[in-house]
Amino acid sequence: MALNIVLYEPEIPANTGNIGRTCVASGTRLHLIEPLGFMLNEKQIRRAGMDYWKDLDVSRYINYEDFLNRNPGARIYMASTKAPRIYTDVQYEEDCYIMFGKESAGIPEEILLENQDTAVRIPMMNGIRSLNLGNSVAIVLYEALRQQKFVHMQMEGHLTKYDWK
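Presented here is a report on the structure given in the accompanying data block. (Residues numbered from 1 in each chain as written. Predicted model: local features only at pLDDT ≥ 70, side-chain atom pairs only at ≥ 80, totals over all residues. Heavy atoms only, no water.)

1. Comments concerning the pairing of strand S2 (residues 29-33)
Both faces of the sheet carry side chains from a regular strand, because those side chains alternate between them. Across the 5 residues that make up S2, a large majority, 4, are buried. Pairing of S2 with strand S3 (residues 58-61) involves 4 bridges; the strand directions are parallel. Opposite His 31, over in S3, you have Ser 59 as the bridge partner. (Buried < 20%, exposed > 50% of the residue type's maximum accessible area, 1.4 Å probe, protein only. Helix = DSSP H or I, 4+ residues; strand = E, 2+ residues; numbered from the N terminus. Pairing = 2+ DSSP bridges.)

This is the structure in structure tokens:
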């Protein structure tokens, strides 16, 4: 069972490429809700995702309604600076979806209001508008993976020239 990252109308190709690489590294599926602020073949997205983009499990949707229709019954957590509770205060289920909004505006408030029970935020200092989208995805995704005990992930690193003592 894989987790799912959903990007609602992402605008910056480098962020999406970076998130795509994180998804490949964590065995997570990526869902892109259009309109996108870039073409998926742009050099920046491939550069940020490096040679991992070909390994990415990615789906595209023409709009939010298309996403909901093609993923009926999905448990969707809405990551937003406007959310009422902290991302570590929820229990992420296997195969859940974690949605992030576009860089300039986040997830529309109408969608957040409909999903108040699953809206979560990353704590920040007052006066800070938001974190980088790629960083936000990594923070929340790895909390969900931690809760699932990093199932199927490599848990030990290895030196190239030496052995750990």
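Don't stop here, the text continues.
2. Observations regarding the side chain of Ser 80
With respect to the element layout, Ser 80 can be found in the loop between strand S4 (76-79) and strand S5 (85-86). Residue Ser 80 is classed as buried on the basis of its relative accessible area of 11%. From its side chain, Ser 80 meets the backbone nitrogen of Lys 82 in a polar contact 3.0 Å long. In this view, Ser 80 contacts Leu 112, Val 120 and Arg 121; residues no more than four positions away in its chain are not counted. (Polar contact = N/O pair within 3.5 Å; in protein donor to acceptor, adjacent residues only side chain to side chain. Contact = heavy atoms within 4.5 Å.)

3. Looking at the nonpolar core
Core analysis: the biggest nonpolar cluster contains 29 residues, and Ile 5, Leu 7, Ile 19, Leu 30, Tyr 92, Ile 98 and Phe 100 have the highest contact counts within it. Contributions of two or more residues to this core are made by strand S1 (4-8), helix H1 (13-26), S2, S4, strand S6 (97-100) and helix H5 (133-147). The dominant element in this core, judged by the number of residues it contributes, is H5, at 6 residues. One finds Val 6, Tyr 61, Met 78 and Tyr 97 within the second-largest nonpolar core, a separate group that totals 15 residues. (Core = buried A, V, L, I, M, F, W, Y, C linked by side-chain atoms within 4.5 Å.)

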